[in-house]
Every structure is written in C-alpha cells, then in structure tokens.
Amino acid sequence: MLTALEEGVKGNVWSRLIDKVWSERNLHASFHKVAANGGAPGTDHVTVEEFERHLQANVAKLTATLHEGSYEPQAIRRTYIPKPGSNEQRPLGIPTVRDRVVQGAVRHVVEPIFEKEFAAHSYGFRPGRGCKDALRRADQLLKQGFVYVADADLKSYFDTIPHDRLMARLRERIADGRVLGLIESYLKAGIMDGLEEWEPEAGAPQGAVLSPLLSNIYLNPLDHLMAAQGWEMVRYADDFVILCRSQAEAEAALTQVRQWCEAEGLLLHPTKTKIVDVREEGFDYLGYRFQTTRQGRLTRWPRKKSLDKLRASLRMKTRRNDGRSLRCIVEDVNRTLRGWFGYFKHSCRATFTPVDKWIRGRLRSILRRRAGRRGRGRGRGSDHQRWPNAYFAERGYSCLAAAHDAARQPPWG
C-alpha cells in the first residue's frame, strides 16, 4: 500500500482494503494508541485495562469477526461536558474500547489516501500538524496586513454532517464496499443517552476515533474552493478563519462560505460568525485572542474562556481547607501550569504576572487559615511580608512570568 501511495492507483480509487483493516498487526498498533489516549469505557463497561488483560484473544476475535463480516459496532455512550464560559454543554460520544480499536485500524488504512489531497491550510488532527501550526500561520498573515478576519463558526458541525454526502465523498476514493459499510455502520451506530437509545440521522460523534478524519474529508472541498479563489483560510477541524486585506474581501469570502455550507447541509452560527477588523477589535482563535495595539503592533494573549478554565482548575487545587503540605499543593499547581504555559507561552508578558499574583494569593489564603487568621491572603502588607514571593519560590512554585522571560524564543517555536 505504501508503494501504491507513492505511485498512485488506477483511477485514484482504492479497492481491497478490508484485509489491511483486519490485520492483527494493524489492530495491535491501533490498540496501543487507544491505550495511550486512555478514556472512559463505553456501553459495555469494559475499560482499556480490562481489554488489555486479554489483548491477544480480543484482537484475534476482532480479526475473525471482521474477516467473516459478522462484526457490528456497539452503541455509543453519550456524555456531556461543560463549555467553558457558558451554560451550554458539549455532547461527546464514547465508543466501546473494541470499537475504538477497529476505528483506529480503519483510520490507519483510510487516512493516507485522503491525506495526500488535504489542503495546506488544514491543520486539525493531521499527522505532523497541530494548533501551533495554525496559530503560526494566522499570526504571519496578520503581520502581513491581512487585518480583516472572517471569523466563521459552524453550528453543531460534528452533529450535522449529512451521512449520504459524507459517504459520497468517501466513494470518490474508496471502492471497497466492506470498508465503506464498516464506516457507515459507525455513523449509524445507536446513541445511548441515559436509558434511551436512538439512531442518529446525521453527524459523526465527537470523541470517536474516526470522526476527526471524517470531518476533514467533508470540509476538504471547502478548503480547495477557498484556495482556488485566493482567500487565505486557516482551519483547525471545524474552527476556521479567513484573513483578508479589506472589508469587501472578507464579506465576499464569508458569502461564499455561507453559500457552500447551505448547499452542503451545514449552518453557520448566526451570532458567532462575524467580520472583525483587528485594528479596532480582537478575535479569538484556538484559545488565543489576537488584537492590534494603537501603535500597530500585533499582540496576543489567552482568551477570557482560557483564563477562566485555568482558574477553575486551580481553585480545586488551592482550597483553603486543603490538608496537604504546601509543597505538595505547589507541585500539584505546577503540573497544571506547565501544560498551560506550554500552550500559551507565546502570549504577551503582561498575561502572566496577574496569574502569578492570583495564585500566590490563593496560597497565602491557605497559610492564613492555618495560622488561625480570617480572610483572603493578600500580596501586600503583612501577608506579603510574612510570606513573600521568594517564600513560594523556595517551595518550588513555577513562576509564569519568570518562565516567559527564560523562554526567549521565536514566535510559536
């Protein structure tokens, strides 16, 4: 298959793929990725650890049922997670571990076929690409004078992808009916929501292994339409912006996107989709907020929802009645800060000092309570004298402002 990918196949349509899906070697490789990602059990309540205890037997059984054509996916467990900064909840679909393994095996076979045709400005859930690449490209375009941004938001994209049109996209490159049937069976797998089970008429559940690839396949024609028209688009899964040099260009690009979405059964969010002049107001993209200063310098910092999410996580780790030693609490805080800073280290320096101050205030509140004092810990006055910043540094606190100064690296490095 690797040779064929290099040389191409007749008509650019692939057949005889199912044997590559049921290969034990492929299924084992898929399981190791599932295990690395972890995740909760599905409707059969089998955990990753339980599946692994009988891995060889489980893989052999999957190979046999796929070969016989008797394999059928189980219902997908629906769960909900809060959307940061709002009262809404995001639906997630959790397939069983066995189904995640098979979906991963299908993805190993199908992804290289479509990867060759994906647009350069598509960054989400692709090999060797990620958020930083999308952010780097958006940053470059803004600095080059593309200051009008068509900020598009697809409403409930993963839940609204039309099954028939998605399958038609797949048939353009895949002629193996068994692989196509396997993918379609995942799309139509029952959704177990509480005690109720129903069959979806559209969508590819967020949380399923195949869904990111399928979402990219469905939006690929839009990517190439934008490129053919000369629009500078940056897309990460269903989150995309189009950067233009003028208001008129941004309006024309957004009109074309809206027309394409309506024709393909998708809907742009009526209030979240807008055109922004970054010289007058900022816009949010992939957790960052971008805006041009009055002096014309582009600046960026974590959007409010990103900061709110960080503070919510740290509040749980810095409760005043926490009985752990201060050093243990600081180590727990540092674990969260390392991951957060790793992503947001490209923000302006002014981002980090207020966060450091807020965290030290939380730590001082713990110490005040232990000293039998009431109220919140403060960074000035007696509290600061009793527990200065150096006190927390000595106990291992990872100062964000100091980490930003030490990084001193090129943008998005």
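Keep in mind that what you see is a predicted model, and the values were worked out from it rather than measured.

Colleague: So what's going on with the overall build of the chain? Which residues, and what values?
Modeller: When helices and strands are tallied, the chain shows 18 helices and 11 strands. Along the first, second and third principal axes, the C-alpha set of the chain runs to 75 × 60 × 40 Å. Looking at the chain residue by residue over its 413 residues, the buried ones come to 46%. Sequence-distant contacts in the chain: of pairs separated by 6 or more residues, those separated by 24 or more amount to 71%.

Colleague: Give me the lowdown on the packing of aromatic side chains, citing residues and values where you can.
Modeller: The description of an aromatic ring pair uses the distance of the two centres, along with the angle that the planes make with each other. Considering all chains together, one arrives at 13 aromatic pairs under this definition. Ring centres of Phe-283 and Phe-290 lie 5.4 Å apart, and the angle between their planes is 20 degrees; this geometry places the pair in the stacked category. Per residue, the accessibility class of Phe-283 equals that of Phe-290, and both read buried. An aromatic cluster of three or more residues is present, and its members are Phe-283, Tyr-288, Phe-290, Trp-340, Phe-341, Tyr-343, Phe-344 and Phe-352. The side chain of Arg-169 reaches across the aromatic face of Tyr-218, ending 4.4 Å from its centre.

Colleague: Explain the nonpolar core to me, and be specific about the residues and the numbers.
Modeller: Buried together is how nonpolar side chains tend to be arranged in soluble globular proteins. Formed by 108 residues in total, the largest nonpolar core has its most connected members in Val-102, Leu-182, Ile-183, Ile-242, Phe-283, Tyr-285 and Ile-359. Among residues more than four places away in sequence, those in contact with Val-102 are Leu-27, Leu-62, Leu-66, Tyr-71, Leu-182 and Tyr-186.

Colleague: Before we move on, can you summarise the sheet that holds strand 6 (residues 232-236) with the specific residues and values?
Modeller: Reading across from one edge, 6-7-3-8 is the order of the 4 strands in this open sheet, with antiparallel pairing throughout. Of all strands in the sheet, those with a lone pairing partner are strand 6 and strand 8 (274-277), marking the two edges. Sheet twist, expressed as the average angle between the axes of neighbouring strands with direction ignored, equals 20 degrees. Set on the sheet, helix 11 (residues 211-228) makes contact with strand 6 and strand 7 (239-244); between it and strand 6 the angle comes to about 165 degrees. The strands touched by helix 12 (residues 247-263) are strand 3 (148-153), strand 7 and strand 8; relative to strand 7, the strand with the most contacts, the crossing angle is about 145 degrees.

Colleague: Go over the confidence of the model for the chain with me, naming the residues and quoting the values.
Modeller: Here the chain averages 93 in pLDDT, while 94% of its residues score no lower than 70. Mean pLDDT across the elements of the chain bottoms out in helix 1 (residues 2-7) (63) and peaks in strand 6 (98).

Colleague: Go over the state of the cysteines, please, and point to the residues and values.
Modeller: Counted under the stated rule, the structure contains 0 disulfides. Not part of a disulfide, Cys-131 finds its nearest cysteine sulfur in Cys-348, a span of 19 Å. Counting only cysteine sulfurs, Cys-399 is the nearest neighbor of Cys-348, a cysteine outside any disulfide, at a range of 15 Å. The partly exposed category is assigned to Cys-348, whose relative accessible area is 26%.

Colleague: Can you tell me about a positive patch on the surface, naming the residues and giving the values?
Modeller: A grouping of Arg-90, Lys-272, Lys-305 and Lys-309 is seen on the molecular surface, where their side chains present a positively charged patch. Among the structural elements, Lys-309 can be located in helix 13 (residues 304-317).

Rules and cut-offs
- Residues numbered from 1 in each chain as written.
- Predicted model: local features only at pLDDT ≥ 70, side-chain atom pairs only at ≥ 80, totals over all residues.
- Heavy atoms only, no water.
- Helix = DSSP H or I, 4+ residues; strand = E, 2+ residues; numbered from the N terminus.
- Buried < 20%, exposed > 50% of the residue type's maximum accessible area, 1.4 Å probe, protein only.
- Contact = heavy atoms within 4.5 Å.
- Phe/Tyr/Trp six-rings, centres within 6.5 Å; stacked < 30°, edge-to-face > 60°.
- Lys NZ or Arg CZ within 6 Å of the ring centre and 35° of its normal.
- Core = buried A, V, L, I, M, F, W, Y, C linked by side-chain atoms within 4.5 Å.
- Pairing = 2+ DSSP bridges.
- Axes fitted to C-alpha atoms, helices over the stretch in contact; angles between N-to-C directions.
- pLDDT = per-residue confidence, 0-100.
- Disulfide = S-S within 2.5 Å.
- Patch = residues over 30% accessible without salt bridge, like charges linked within 9 Å, V, L, I, M, F, W, Y side chains within 5 Å.
- Areas by Shrake-Rupley, 256 points an atom, 1.4 Å probe, with all protein chains shown as cover.
- Salt bridge = Lys/Arg side-chain N within 4 Å of Asp/Glu carboxyl O.
- Lys, Arg positive; Asp, Glu negative; His and termini not counted.
- Charge placed at Lys NZ, Arg CZ, Asp CG, Glu CD.

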